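Here is what each chain is made of, one letter per residue.
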Amino acid sequence: MKLFTTFIGFVIFQRIAELIIARKNERRMKREGALEFGQAHYPWMVLMHTSFFLSLILEVWALTKGLSPLWPILLAVFILAQVGRIWALSSLGKYWNTKIIVLPGANIVRKGPYRFIRHPNYAIVTIELLVIPLLFGAFITAAVFAVLNAIILSVRIPAEEEALRKLAEYDKMKERPKRFVPQMLKKIDK
């Protein structure tokens, strides 16, 4: 149980640090004239992510779940996801946010993982919402939040892409990567 508490504490600390960075980026971007979109679904997204941690903690503690026998593989996937998360967030730099905030006329970021996939951070979050509960045998949390995340992303991604179309010439990008299939596999996924 100590391992679980330490692990979840680390992930929650990471999320809080990201929220602090996002808030700083939001204030700066809005001072520069950025506009916010998707305000209606954002509280639902926050609720879903908060509920994920509560569900995970409750399932692991109440049902006395333990470390999965596949923990080395799942931990490796989690670590790779963290590397991807850092790569995606640092590639967006001052534009990264948990909200949809777009600076009119800003260039679309096409570096880092954004060269290969349009929404790497959402792909990483999807992986995390599966891997973290599976790491500790929380199958109910993994299943429920896989569905809830898919529902949220079905609203979030179109809202984000519409905002980028309106303010950042998103449709004029040449060779726009696929949403979730890496560009390097483009010939295969046709």
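Criteria and thresholds
- Residues numbered from 1 in each chain as written.
- Predicted model: local features only at pLDDT ≥ 70, side-chain atom pairs only at ≥ 80, totals over all residues.
- Heavy atoms only, no water.
- Helix = DSSP H or I, 4+ residues; strand = E, 2+ residues; numbered from the N terminus.
- Buried < 20%, exposed > 50% of the residue type's maximum accessible area, 1.4 Å probe, protein only.
- Contact = heavy atoms within 4.5 Å.
- Areas by Shrake-Rupley, 256 points an atom, 1.4 Å probe, with all protein chains shown as cover.
- Core = buried A, V, L, I, M, F, W, Y, C linked by side-chain atoms within 4.5 Å.
- Axes fitted to C-alpha atoms, helices over the stretch in contact; angles between N-to-C directions.
- Parallel < 35°, antiparallel > 145°, perpendicular 65-115°, else oblique.
- Nonpolar A, V, L, I, M, F, W, Y, C, P; charged D, E, K, R; others polar.
- pLDDT = per-residue confidence, 0-100.
- Expected span 1.5 Å × (residues − 1).
- Salt bridge = Lys/Arg side-chain N within 4 Å of Asp/Glu carboxyl O.
- Patch = residues over 30% accessible without salt bridge, like charges linked within 9 Å, V, L, I, M, F, W, Y side chains within 5 Å.

### With respect to the overall build of the protein
Item 1. In terms of regular secondary structure, the protein is built from five helices and two strands.
Item 2. Taking all 190 residues of the protein together, 45% fall into the buried category.
Item 3. Long-range pairs, those at least 24 residues apart, make up 83% of the contacts in the protein with a sequence separation of at least 6.
Item 4. When the accessible surface of the protein is summed, it comes to about 10,800 Å², and 70% of that surface belongs to carbon and sulfur atoms.

### Some details on the nonpolar core
Item 1. Among the nonpolar cores identified, the biggest contains 22 residues, and F7, I8, F52, L56 and I132 are the most heavily contacted of them.
Item 2. Beyond its immediate stretch of four places on either side in the chain, L56 contacts F4, I8, I132, P133, A138 and T141.
Item 3. Counting residues in each nonpolar core, the second largest holds eight residues, with I100, V102, A163 and L167 among its members.

### A short note on the packing of helix α1 (residues 2-31) against helix α3 (residues 71-92)
The description of two helices packed together rests on the angle between their axes and the distance between the axes.
Item 1. Where α1 meets α3, the axes come as close as 14 Å, and the angle between the chain directions of the two elements is 10 degrees. Relative to α3, the element α1 is oriented roughly parallel. Contacts from F7, F10, V11, Q14, R15 and E18 of α1 reach α3 at L75, F78, Q82, R85 and L89.
Item 2. Looking at the contact of α1 with α3 residue by residue, the class counts come to six nonpolar, two polar and three charged.

### Description of the confidence of the model for the protein
Item 1. When pLDDT is averaged across the protein, the result is 89; 89% of the residues are at 70 or more.
Item 2. Note on residues 183-190: pLDDT under 50 across the span, and nine contacts to partners over four residues away in sequence or across chains.

### So, α1
Item 1. Under the 1.5 Å per step criterion, the end-to-end length of α1 is 44 Å for 30 residues, consistent within 8% with the ideal 44 Å.
Item 2. Of all the residues in α1, the buried ones are F4, F7, I8, V11, Q14, R15, E18, A22, N25, E26, R28 and M29.
Item 3. In this structure, the buried residues of α1 make contact with β1 (35-37), α2 (42-62), α3, β2 (100-102) and α4 (120-135).
Item 4. Phi turns positive one or two residues past the end of α1, at G33, with a value near 100 degrees.

### Quick notes on the pattern of salt bridges
Item 1. Within the structure shown, the criterion is met by twelve salt bridges.
Item 2. Residue E26 pairs with K99 through a salt bridge whose shortest N-O separation is 3.2 Å. Of this pair, E26 sits in helix α1 while K99 sits in the loop between α3 and β2; the two residues are 73 residues apart in sequence, bridging distant segments of the chain.
Item 3. The exposure class of K99 is partly exposed, given its relative accessible area of 22%.
Item 4. Between K30 and E36 there is a salt bridge, and its shortest N-O distance comes to 2.7 Å.
Item 5. The partly exposed category is assigned to K30, whose relative accessible area is 36%.
Item 6. The structure contains a network of salt bridges with shared partners spanning R23, E26, K30, E36 and K99.

### Some words on the environment of A88
Item 1. Examined against the element boundaries, A88 turns out to sit in helix α3.
Item 2. Each residue touching A88, except ones within four places of it in the same chain, is listed here: P113, Y114, P120 and N121.

### Concerning unusual backbone geometry
Item 1. One non-glycine residue, T64, lies in the positive phi region at around 40 degrees.
Item 2. As for its placement among the helices and strands, T64 is situated in the loop between α2 and α3.

### Focus: a nonpolar patch on the surface
Item 1. On the surface, L63, I140, V144, V147, L148 and I151 cluster together to form a nonpolar patch covering roughly 510 Å² of accessible area.
Item 2. With respect to the helices and strands, the residue L63 is situated in the loop between α2 and α3.
Item 3. Judged by its relative accessible area of 47%, L63 is partly exposed.

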